[in-house]
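One-letter residues, chain by chain:
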Amino acid sequence: MPFWIEALVAFFLLVGCSFALIGAIGLYRLPDFFTRLHGPTKATTLGVGSMVVASMIFFSSHTEGLSLHELLITLFLFITAPVSAHMLAKSAMQEKVKLVRRTRGRPWES
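Everything numeric here is computed off the predicted structure, so don't read it as measured data. (Residues numbered from 1 in each chain as written. Predicted model: local features only at pLDDT ≥ 70, side-chain atom pairs only at ≥ 80, totals over all residues. Heavy atoms only, no water.)

This next bit is on the packing of helix 3 (residues 38-62) against helix 4 (residues 69-94). Closest axis-to-axis distance for the helix 3/helix 4 pair is 9 Å, and the angle between their directions is 175 degrees. For the element pair helix 3 / helix 4, the angle class is roughly antiparallel. On the side of helix 3, the interface is formed by Thr-41, Thr-45, Leu-46, Val-48, Gly-49, Val-52, Ser-55, Met-56 and Phe-59, while helix 4 contributes Glu-70, Leu-71, Ile-73, Thr-74, Leu-77, Phe-78, Ala-81 and Ala-85. Its residues assigned to classes, the contact of helix 3 with helix 4 comprises 11 nonpolar, 5 polar and 1 charged. (Axes fitted to C-alpha atoms, helices over the stretch in contact; angles between N-to-C directions. Helix = DSSP H or I, 4+ residues; strand = E, 2+ residues; numbered from the N terminus. Parallel < 35°, antiparallel > 145°, perpendicular 65-115°, else oblique. Contact = heavy atoms within 4.5 Å. Nonpolar A, V, L, I, M, F, W, Y, C, P; charged D, E, K, R; others polar.)

Let us look at the packing of aromatic side chains. In this description, a pair of aromatic rings is defined by centroid distance and the angle of the planes. Tallied over the entire structure, the rule returns 3 aromatic pairs. For the ring pair Phe-11 and Phe-12, a centre distance of 5.6 Å and an interplane angle of 65 degrees mean the geometry is edge-to-face. Ring geometry for Phe-58 against Phe-59: centres 5.1 Å apart, planes inclined by 80 degrees, an arrangement best described as edge-to-face. (Phe/Tyr/Trp six-rings, centres within 6.5 Å; stacked < 30°, edge-to-face > 60°.)

The next subject is the nonpolar core. Within the largest apolar cluster, 6 residues are counted, these being Phe-34, Leu-37, Ala-85, Ala-89, Ala-92 and Leu-99. Take this core: its biggest share by element is 3 residues, from helix 4. Beyond its immediate sequence surroundings of up to four residues, Ala-85 is in contact with Leu-37 and Thr-41. (Core = buried A, V, L, I, M, F, W, Y, C linked by side-chain atoms within 4.5 Å. Buried < 20%, exposed > 50% of the residue type's maximum accessible area, 1.4 Å probe, protein only.)

If you check UniProt for "transmembrane region" (unreviewed entry), the listed places come out as residues 6-28 and 71-89 in our numbering. The span residues 6-28 is 100% helix and 0% strand, and its two end C-alpha atoms sit 33 Å from each other. In residues 71-89, the share of helix is 100% and the share of strand is 0%. The end C-alpha atoms are 28 Å apart. (UniProt positions renumbered as here; feature names shortened; annotations may be inferred.)

A separate point is the side chain of Thr-74. Relative to the assigned elements, Thr-74 resides in helix 4. According to the relative accessible area criterion, Thr-74 is buried, its value standing at 9%. If sequence neighbours within four positions are ignored, Thr-74 has contacts with Gly-49 and Val-52.

With 26 residues, helix 4 should reach 38 Å at 1.5 Å per residue; the first-to-last C-alpha distance of 38 Å fits that figure. Three or more residues of helix 4 are buried, namely Glu-70, Thr-74, Ala-81, Ala-85, Ala-89 and Ala-92. Packed against the buried residues of helix 4 are helix 2 (33-36) and helix 3. Residue Lys-96 follows helix 4 closely and has a positive phi angle near 55 degrees. (Expected span 1.5 Å × (residues − 1).)

With that out of the way, let us pick up the environment of Lys-90. Along the chain, the position of Lys-90 falls in helix 4. Judged by its relative accessible area of 48%, Lys-90 falls in the partly exposed class. For the pair Lys-90 and Val-53, spaced 37 residues apart in sequence, the C-alpha separation works out to 31 Å.

Spelled out as C-alpha cells, the structure:
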C-alpha cells in the first residue's frame, strides 16, 4: 500500500478519534440534558463519520473497486443522528426537563 494512502487513513482515524473523545468528554462534563445532547450528536457523528471514511479509503485501496458499504453507513449516520437528536430535544421540552440556571432559552415557559 502506498505511503500517502496510509497517511490519509491515519489522518482520518486520528480526526475521528479526536472528535469521538471530545464528544465523550462533552457528554460527561456538560451540566444538563440540552447541552449534553450536543456531545453525542455533533462531535461523535463527525468522529464516527471520519472513521468510516478512513475505512472506505483503506478497503478501496485493497480491492479493485470502490467500497460503497461505508459510504452508505456514513450517509445513514448523517441522516439519522440529527433526526434522533431533534426528537430527544422535543420530548425533553414537552417533559419540561430541568435546566441549569446558566442554560439560555426556555421556550416552554413563554
